[in-house]
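# What the coordinates show
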Amino acid sequence: LQFFHLFFFAFMHFSNLLDRTTNRETKSRSTRKYNNTLQATEERMTTETCTKEKEDVLERPFSTNEIIRLYLLILLIYPLVLGGMFLLGAYFHSYPTFPPTPWYGFWVAVSGYTCVGIVMMTLLLDRPRLVRQRMSKVLPTQNETSKGERDFYKLTSPIFFVGMIGMGYDGSQRRDTFPHIVIWLSLIPFASAMMWILWVMRCNKYAARIVFVQKDQKLITTGPYAVVRHPMYMGIIPLFLSLPLVVGSVWPILPMMVCIVLMGIRTYSEEEFLIQTFGEEYQQYRTKVPYRMIPWIF
């Protein structure tokens, strides 16, 4: 009997303890559910607020300080980065001599790029959204773009870097034999390609480095987009092919051609993304403009 009373007392105590635990778990689940709902609501409101703030930042006109920083970027940072890659390649050729001596094509390429960059920046100051996106001030999220878009830069960046280093190496090696007339003639397609790209940017303020859906984005079918569906790539082709010659090199044209082929492959994933975004409107545009990058060829 004493054993029975002890067992009954233990059972009742365990039952009450279980009830209290279950009640706490139920309250805890209710609290977690409420907190998750509240957090989801806050995240949605934060996302909407961030989207609005992002749009406001993109569309805001440039201040005087921003304009000064942009010109300093074109006049100092970009030439230093470009010249640094060329000199790094030249150092591989002149090793162990340091620093390597700049050559004729080096000065023409860096100064020519700087001058064209100043002209382009001046003509794009009334396109703050475009400039900020090209400067990577705002990047798309994983949900706004395809994985292939991000993988493209992971694949082409090292190839492009090898090409730039190769220009410095080969240009330094050919400094005494490469004809200066070829360097100056190569500036014609180089500058023409930059001006074509400028025209593309003037016509399409949504021309970001990574293709993604933007707020109130419209399909552009006029200007250079009436010639090919990807006019930016059409301008990059002569730019990539002429830059090695401007530097005074030859074989680095090969890695630049690889980058061009990869851009052509990239257009297929871009086309699928644009069809999903614009639907029948883009299908009609494809019928009207049948060429992707090169008229009558591709």
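Residues numbered from 1 in each chain as written. Predicted model: local features only at pLDDT ≥ 70, side-chain atom pairs only at ≥ 80, totals over all residues. Heavy atoms only, no water.

## With respect to the overall build of the chain
Scanning the chain for helices and strands turns up nine helices and zero strands. Listing the helices and strands of the chain from first to last along the sequence gives α-α-α-α-α-α-α-α-α. Out of the 298 residues in the chain, the part that is buried amounts to 38%. Taking the intrachain contacts of the chain between residues at least 6 apart in sequence as the baseline, contacts between residues at least 24 apart amount to 83%. For the chain, the accessible area works out to roughly 17,800 Å², and carbon and sulfur atoms hold 67% of it. (Helix = DSSP H or I, 4+ residues; strand = E, 2+ residues; numbered from the N terminus. Buried < 20%, exposed > 50% of the residue type's maximum accessible area, 1.4 Å probe, protein only. Contact = heavy atoms within 4.5 Å. Areas by Shrake-Rupley, 256 points an atom, 1.4 Å probe, with all protein chains shown as cover.)

## Thoughts on the environment of arginine 229
On the secondary structure map, arginine 229 appears in the loop between α6 (180–203) and α7 (231–247). On a C-alpha basis, the gap between arginine 229 and valine 289 in space is 6.6 Å, while along the polypeptide they are 60 residues apart. Those residues in contact with arginine 229 that lie beyond four places of it in its chain are Glu271, Tyr282, Tyr285, Arg286, Val289, Pro290, Tyr291 and Arg292. Among the polar contacts made by the side chain of arginine 229, one reaches the side chain of glutamate 271 at a distance of 3.1 Å. (Polar contact = N/O pair within 3.5 Å; in protein donor to acceptor, adjacent residues only side chain to side chain.)

## Digging into the pattern of salt bridges
Per the counting criterion, the structure on display carries seven salt bridges. One salt bridge in this structure joins arginine 174 and aspartate 170, with 2.8 Å as the shortest N-O distance. As a salt-bridge pair, glutamate 270 and arginine 266 come within 3.1 Å of each other at their nearest N and O atoms. Placement of the pair is glutamate 270 and arginine 266 together in helix α8 (residues 253–278), with a separation of four residues, close to one helical turn. For the pair glutamate 270 and arginine 266, one class covers both residues: buried. Connected via shared salt-bridge partners are Asp126, Arg127 and Arg202. (Salt bridge = Lys/Arg side-chain N within 4 Å of Asp/Glu carboxyl O.)

## Regarding the packing of aromatic side chains
Scanning all chains against the criterion turns up ten aromatic pairs. On the basis of an interplanar angle of 50 degrees and a centroid distance of 5.5 Å, the ring pair of tryptophan 103 and phenylalanine 106 is categorised as tilted. Each member of the pair, tryptophan 103 as well as phenylalanine 106, carries the same accessibility label: buried. Considering the side-chain rings of phenylalanine 106 and tryptophan 107, the 5.0 Å spacing of their centres and the 80 degrees angle between planes classify their relative orientation as edge-to-face. Judged by relative accessible area, which is 53%, tryptophan 107 ranks as exposed. One aromatic cluster in this structure is built from Phe86, Trp103, Phe106 and Trp107. (Phe/Tyr/Trp six-rings, centres within 6.5 Å; stacked < 30°, edge-to-face > 60°.)

## What about the packing of α8 against helix α9 (residues 280–288)?
Between α8 and α9, the least distance of the axes is 6 Å, while the angle of their chain directions is 130 degrees. It follows from the interaxial angle that α8 and α9 lie oblique. Of the residues in α9, those touching α8 at Glu271, Leu274, Ile275 and Phe278 are Glu280, Glu281, Tyr282, Gln283 and Arg286. Tallied by class, residues from the contact of α8 with α9 come to four nonpolar, one polar and four charged. (Axes fitted to C-alpha atoms, helices over the stretch in contact; angles between N-to-C directions. Parallel < 35°, antiparallel > 145°, perpendicular 65-115°, else oblique. Nonpolar A, V, L, I, M, F, W, Y, C, P; charged D, E, K, R; others polar.)

## A look at helix α2 (residues 64–94)
Helix length check: α2, at 31 residues, gives a terminal C-alpha distance of 43 Å against a target of 45 Å (1.5 Å per residue), a fit within 8%. Three or more residues of α2 are buried, namely Glu66, Leu70, Ile74, Pro79, Leu82, Gly83, Met85, Phe86, Gly89, Ala90 and Ser94. (Expected span 1.5 Å × (residues − 1).)

## Examining α6
The first and last C-alpha atoms of α6 sit 35 Å apart over 24 residues, in line with the 34 Å expected at 1.5 Å per residue. Listing the buried residues of α6 in full gives Ile183, Ser186, Leu187, Phe190, Ala193, Met194, Ile197, Leu198, Val200 and Met201.

## Observations regarding the side chain of serine 186
Residue position: serine 186 is located in helix α6. Here serine 186 falls in the buried class, since its relative accessible area comes to 6%. At a separation of 2.6 Å, a polar atom in the side chain of serine 186 contacts the main-chain carbonyl oxygen of valine 182. In contact with serine 186, not counting residues within four places along its chain, are Ser242, Leu245 and Val246.

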